[in-house]
Amino acid sequence: MSDVLIEAVGVTKHYGKFAALGGVDLKIRRNTVHSVIGPNGAGKTTLFHMLTGTGMTTGGRILFDGHDVTREPDHKRVQRGMARSFQVTALFASLPVRENLRVAAQGISPRQAMNCWRAPVGELARTQVVDEVLQRIGLERLANTPAGELSHGQQRRLEVGMALAARPKAIFLDEPTSGMGIDDLDDMKQLIRGLRDAHTVVLIEHNMNIVMDISDTVTVMQLGRVLAEGLPGDIRADARVRTAYLGNMITGGKA
Ligand SMILES: Nc1ncnc2c1ncn2[C@@H]1O[C@H](COP(=O)(O)OP(=O)(O)OP(=O)(O)O)[C@@H](O)[C@H]1O
């Protein structure tokens, strides 16, 4: 089995004449936290969309777990083991945390899950997955609390849990710490860091302290291309990266 789970080869994405991605090569190794950073408009979200199948590439290839998935729609890639973290709006506010996770573990939309005629398939296995996820996201004691009553930080952890409930090989997190208070950041950091034992994490994150603390590999994008890639320490010290960020953001207060 290859060490690489996800590979992008010369991926381009054009919107009319504008190249949002100008030929991106990327290798994401299994069981690592791989962060994608870069200034606003660098192409991070577009790259996520191409990797997860939310959008289709203009050119190049995307390989996942040894399969060429370039032309596969997102739901097919989900079946192969890719998951994106849900948005808070995808949580059922009035349903307990446990029930939200149970719905996600069924791999179907919340609305379908509300269909009471649906047979309870694999109930035991699902309960086990839900228990595992509850523990991972540190919400066991709030399992019976409606999702709408959780703090913002807890809801963001539940979003990650919703993606985990599908037992993905790769989990894509787009700014999982956005809007979080300082108290919640450490919990999220530990959660993401810990995912590597069973998952591969691809992360877009603007908080440089977090990126530098929890990443195995950092890819820096600029103007739709990869500017630099390497270990966090090397990226922090890279002169080109500092220039791209106008010198200060990348230090994350730890220059
Ligand atoms: N649907 C679209 N049509 C035209 N241009 C687009 C479209 N989506 C993205 N772009 C452009 O592609 C470029 C890359 O956008 P993208 O959202 O991927 O950047 P980003 O690195 O995620 O930025 P941010 O950090 O601000 O989220 C930007 O210049 C953006 O305006």
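Report on the accompanying structure.

Conventions and cut-offs
- Residues numbered from 1 in each chain as written.
- Predicted model: local features only at pLDDT ≥ 70, side-chain atom pairs only at ≥ 80, totals over all residues.
- Buried ≥ 20, exposed ≤ 12 C-beta atoms within 10 Å, placed from the backbone.
- Helix = DSSP H or I, 4+ residues; strand = E, 2+ residues; numbered from the N terminus.
- Pairing = 2+ DSSP bridges.
- Contact = placed C-beta atoms within 7 Å.
- Near = placed C-beta within 6 Å.
- Nonpolar A, V, L, I, M, F, W, Y, C, P; charged D, E, K, R; others polar.

1. A few points about the pairing of strand 8 (residues 200–204)
- Burial analysis of strand 8 places 5 of its 5 residues in the buried class, the great majority of the element.
- Of the two faces of strand 8, the one holding Thr200, Val202 and Ile204 and the one holding Val201 and Leu203 are both buried throughout.
- By the bridge criterion, 4 bridges tie strand 3 (residues 33–37) to strand 8 in an arrangement that is parallel. Note that in strand 8 the partner of Val36 across the bridge is Ile204.
- Inspection of the sheet shows strand 7 (residues 170–174) paired to strand 8 by 5 bridges, in the parallel sense. When the bridges of strand 8 are listed, Leu173 appears paired with Leu203.

2. Quick word on the environment of Ala20
- Among the secondary structure elements, Ala20 is positioned in strand 2 (residues 18–29).
- Residue class for Ala20 comes out buried when judged on the 20 C-beta atoms lying within 10 Å of it.
- The sequence separation of Ala20 and Gly230 amounts to 210 residues, and the corresponding C-alpha distance is 23 Å.
- With sequence-adjacent residues up to four places away left out, Ala20 is seen in contact with Lys13, Tyr15, Gly43, Thr46 and Gly224.

3. With respect to the site of the ligand
- Near the ligand you find Tyr15, Phe18, Ala20, Gly38, Asn40, Gly41, Ala42, Gly43, Lys44, Thr45 and Thr46, and these make up its full shell.
- Elements represented by at least two residues in the shell around the ligand include exactly strand 2 and helix 1 (44–52).
- Among the elements that line the shell around the ligand, the one with the most residues is helix 1, at 3 residues.
- Of the residues contributing to the shell around the ligand, the split by class is 4 nonpolar, 6 polar and 1 charged.

Interpretation note: all reported values are geometric properties and have no functional meaning in isolation.
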